[in-house]
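# Remarks on the overall topology
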Amino acid sequence: MTLGIIAAGIAVFTGIGAGIGIGFATGKASEAIARQPEAAGKINSALLMGCALAEGTAIFGFITALLVIFMG
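Values in this document were obtained by computation on a predicted structure and should not be read as measured data.

## Overview of the overall build of the chain
The number of helices and strands found in the chain is three helices and zero strands. Its C-alpha atoms give the chain principal-axis dimensions of roughly 55 × 15 × 5 Å. Considering the chain as a whole, with its 72 residues, one finds that 15% of them fall into the buried category. The contacts in the chain between residues at least 6 apart in sequence include a share of 72% that link residues at least 24 apart.

## What about helix α3 (residues 40-71)?
The end-to-end C-alpha distance of α3, which contains 32 residues, comes to 45 Å, matching closely the 46 Å that a straight helix rising 1.5 Å per residue would cover. All of the buried residues along α3 are Ile43, Leu47, Cys51, Ala54, Ala58, Gly61 and Ala65.

## Some thoughts on the UniProt feature "domain: V-ATPase proteolipid subunit C-like" (unreviewed entry) in the chain
UniProt's entry tags residues 6-67 with the feature "domain: V-ATPase proteolipid subunit C-like" (unreviewed entry), counted in the numbering of this structure. End-to-end, the C-alpha atoms of residues 6-67 are 13 Å apart, and along that stretch the chain is 92% helix and 0% strand.

## Focus on the UniProt feature "transmembrane region" (unreviewed entry) in the chain
Feature annotation in UniProt assigns "transmembrane region" (unreviewed entry) to the following positions: residues 6-25 and 46-71. Secondary structure content for residues 46-71 is 100% helix and 0% strand, and the end C-alpha separation is 37 Å.

What counts and how
- Residues numbered from 1 in each chain as written.
- Predicted model: local features only at pLDDT ≥ 70, side-chain atom pairs only at ≥ 80, totals over all residues.
- Heavy atoms only, no water.
- Helix = DSSP H or I, 4+ residues; strand = E, 2+ residues; numbered from the N terminus.
- Buried < 20%, exposed > 50% of the residue type's maximum accessible area, 1.4 Å probe, protein only.
- Contact = heavy atoms within 4.5 Å.
- Expected span 1.5 Å × (residues − 1).
- UniProt positions renumbered as here; feature names shortened; annotations may be inferred.

As C-alpha cells, then:
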C-alpha cells in the first residue's frame, strides 16, 4: 500500500508541469498580443488549445493517481 501512495504522489506531479506550461504559454501569448493586437483572436485560439492539452495531461495524471490509490 505504501508503494501505491508513493506512485500516486508521483503521478500527481504532472499538474506541476501543466501549471508551468500554461503559465509560460500565457506569458508568451500576452507578449504576442502586445506586439500585434490585430492578431489577438488567432493568438487566443492557439493559447486556449494549448492550455486545454496541457490541462488534459494534468487530468490524466490525477486520474492515474486515483486509480493507483483505489484500485491498487
